[in-house]
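Working through the structure, step by step
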Amino acid sequence: MAGFSTDHWAFAFGVLGNIVSFIVFLSPMPTFYKIYKKKSAEGYQSIPYVIALFSSMLWIYYAFLKTNTTLLITINSFGVFIETIYVGFYLFYAPKKARVQTVKMLLLSVVGGFGAIVLVTQFLFKGAVRGQVVGWICLVFSLCVFVAPLGIVRKVIKTKSVEYMPLLLSVFLTLSAVMWFFYGLLLKDINIAAPNVLGFIFGILQIVLYVIYSKKENAILKEQKLPEIQKQAVILLDENMNNNKKLPELTQEQIIDIVKLGLMVCSDKAHVASCPHDNTCAAKAHENTPPKLQTVEAA
């Protein structure tokens with residue numbers, strides 16, 4: 001390990017940064033698969049992808065102005081390619097209003113912004129100064145790449161749902177920030193190292209929010225699965241029972257029999273109350289009773 005120089009370490013972190021960043025660029029694939037299944041991009045935002053496209057174009061321009069930055073060219077070239085596909089896919093499925101806003105952002109940033117930066121730096125600055133100016137511009141827009149998901153973070157806090165914040169993107173953005181921070185630190189390039197500090201902080205924030213609100217969302221889903229209407233049971237409670245145990249459920253016929261029995265008992269009580277000591281009442285009651293049928297046995 002003694003012969004492993006700073007340049008070798010920088011190259012190692014650069015390769016790791018390329019691998020992780022490659023995964024970062026592919027991490028929105030599940031999101032776009034959902035858009036494809038829904039046949040609509042409603043509820044999703046194109047801002048992170050437009051800014052990522054713009055940032056990749058700037059880093060390629062910066063890498064051509066510096067030396068020993070081949071690894072920046074390789075990964076950002078892939079970034080331009082994949083982000084262009086994402087934006088085009090979003091435009092295809094986005095509602096009309098979102099589509100118009102995305103086209104405006106593309107014209108303002110990619111065409112107008114990047115074109116203006118190239119023209120100004122080529123004609124107004126020369127040599128190392130040009131690379132330094134472009135580097136500071138890349139730093140600012142790299143911060144915008146990490147700040148862009150804050151719109152999604154705000155939506156997660158407001159809706160208490162993590163549907164529109166993919167966890168994979170947050171995890172790999174955090175890992176990418178770590179790799180590129182050490183790559184820039186070893187190359188002594190502050191323009192590469194500095195923005196990844198903020199990227200690491202925002203990545204951790206998104207992961208924490210995902211863990212918090214995904215648990216709450218799962219709890220809400222479990223509550224919604226409980227039966228909303230429970231079957232009502234007819235129960236009888238014994239006054240002498242302290243634990244209020246449920247008796248077996250009665251059928252409709254049994255309930256009717258209980259009601260009839262109750263009416264009979266009430267009628268007998270009313271009769272006794274009307275003539276408690278009168279024999280004539282008993283005689284009348286005897287007369288009103290229907291004659292009993294005699295059974296005839298067959299010989």
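Here's what I pulled together on the structure shown here. (Residues numbered from 1 in each chain as written. Predicted model: local features only at pLDDT ≥ 70, side-chain atom pairs only at ≥ 80, totals over all residues. Heavy atoms only, no water.)

**Side note on the overall build of the chain**
Selection rule: Comment: elements are numbered from the N terminus, with helices defined as DSSP H or I runs of at least four residues and strands as E runs of at least two. We call a residue buried when its accessible area falls under 20% of the maximum for its residue type, exposed when it is over 50%, and partly exposed in between, using a 1.4 Å probe and counting protein chains only. In what follows, residue pairs with any heavy atoms lying within 4.5 Å of each other are defined as contacts. In short, Shrake-Rupley with a 1.4 Å probe defines the accessible areas, and a residue's cover is counted only from the protein chains shown.
Tallying secondary structure elements over the chain gives 11 helices and zero strands in all. Secondary structure elements of the chain occur, N-terminal to C-terminal, as α-α-α-α-α-α-α-α-α-α-α. The proportion of buried residues among the 299 residues of the chain is 33%. Pairs at least 24 residues apart make up 72% of the contacts formed inside the chain by residues separated by at least 6 positions. As displayed, the chain offers around 20000 Å² of accessible surface, 67% of which is attributable to carbon and sulfur atoms.

**A closer look at helix H2 (residues 29–38)**
We count it as follows: Working note: the arc is built from the helix axis to C-beta atom directions.
The complete set of buried residues in H2 reads Thr31, Phe32 and Ile35. Each buried residue of H2 lies within a common arc of 90° when the element is viewed along its axis, so the set occupies one face. Facing away from the buried side of H2 by more than 90 degrees, the exposed set consists of Tyr33 and Lys37. Immediately downstream of H2, the backbone of Lys39 shows phi near 60°, a positive value.

**Structural notes on the side chain of Ser56**
With respect to the element layout, Ser56 can be found in helix H3 (residues 47–65). The class of Ser56 is buried, set by a relative accessible area of 2%.

**What about the nonpolar core?**
Heads up, the condition is: Only buried residues count toward a nonpolar core. Its members are Ala, Val, Leu, Ile, Met, Phe, Trp, Tyr and Cys residues joined through side-chain atoms within 4.5 Å.
Core analysis: the biggest nonpolar cluster contains 44 residues, and Leu72, Tyr90, Leu106 and Tyr183 have the highest contact counts within it. Considering every element that reaches this core, the biggest residue donor is H3, with 10 residues. In this structure, Val156, Val162, Met165 and Tyr213 belong to the second largest nonpolar core, which totals seven residues.

**A look at the packing of H3 against helix H4 (residues 70–93)**
Note the cut-off: Angular values range over 0 to 180 degrees, each being the angle between N-to-C directions of two axes fitted as lines to C-alpha atoms, with helices fitted over their stretch in contact. Here the angle decides the label: under 35 degrees means roughly parallel, over 145 means roughly antiparallel, 65 to 115 means roughly perpendicular, and every other value means oblique. Note on convention: the crossing is left-handed when the near helix lies turned anticlockwise from the far helix by less than a right angle, right-handed when the turn is clockwise.
At a closest axis distance of 8 Å, the pairing of H3 and H4 adopts a crossing angle of 155°. Overall, the two elements H3 and H4 adopt an arrangement that is roughly antiparallel. For H3 against H4, the interelement crossing comes out left-handed. Of the residues in H4, those in contact with Tyr49, Val50, Ala52, Leu53, Ser56, Met57, Trp59, Ile60, Tyr62, Ala63 and Phe64 of H3 are Leu72, Ile73, Asn76, Ser77, Gly79, Val80, Glu83, Thr84, Tyr86 and Val87.

**With respect to the packing of H3 against helix H5 (residues 96–124)**
Between two packed helices, both the angle of their axes relative to each other and the distance between the axes serve to describe the pair. How we decide: Residues are grouped as follows: nonpolar covers Ala, Val, Leu, Ile, Met, Phe, Trp, Tyr, Cys and Pro; charged covers Asp, Glu, Lys and Arg; every other residue, Gly included, is treated as polar.
As a packed pair, H3 and H5 sit with axes 10 Å apart at the nearest point and diverge in direction by 15°. Looking at the two axes, H3 sits roughly parallel to H5. Crossing of H3 against H5: the hand is right-handed. The residues of H5 that touch H3, namely those facing Ile47, Val50, Leu53, Phe54, Met57, Leu58 and Tyr61, are Thr102, Met105, Leu106, Ser109, Val110, Gly113, Phe114, Ile117, Val118, Thr121 and Gln122. For the contact of H3 with H5, the residue count by class is 13 nonpolar, five polar and no charged.

**A closer look at a nonpolar patch on the surface**
Rules: The patches described consist of residues with a relative accessible area above 30% and no salt bridge, like charges being joined within 9 Å and nonpolar side chains (Val, Leu, Ile, Met, Phe, Trp, Tyr) within 5 Å. Salt bridge, as applied in this entry: a Lys or Arg side-chain nitrogen positioned within 4 Å of an Asp or Glu carboxyl oxygen.
Residues Phe11, Val15, Leu16, Ile19, Phe22, Ile23, Leu26 and Met29 make up a contiguous nonpolar surface patch of roughly 650 Å² in combined accessible area. Top contributing element to the nonpolar patch by residue count: helix H1 (residues 6–26), with seven residues. Residue position: Val15 is located in helix H1. Note on Val15: relative accessible area 30%, which makes it partly exposed.

**With respect to helix H8 (residues 167–186)**
Here is the rule we go by: Multiplying 1.5 Å by the residue count of a helix minus one yields the expected span of that helix.
Its 20 residues place the ends of H8 29 Å apart at the C-alpha level, agreeing with the 28 Å of an ideal helix rising 1.5 Å per residue. Of all the positions in H8, only Leu169, Ser170, Phe172, Leu173, Thr174, Ser176, Ala177, Met179, Trp180, Tyr183 and Gly184 are classed as buried. In the segment just after H8, Lys188 is the residue with positive phi, at about 60°.

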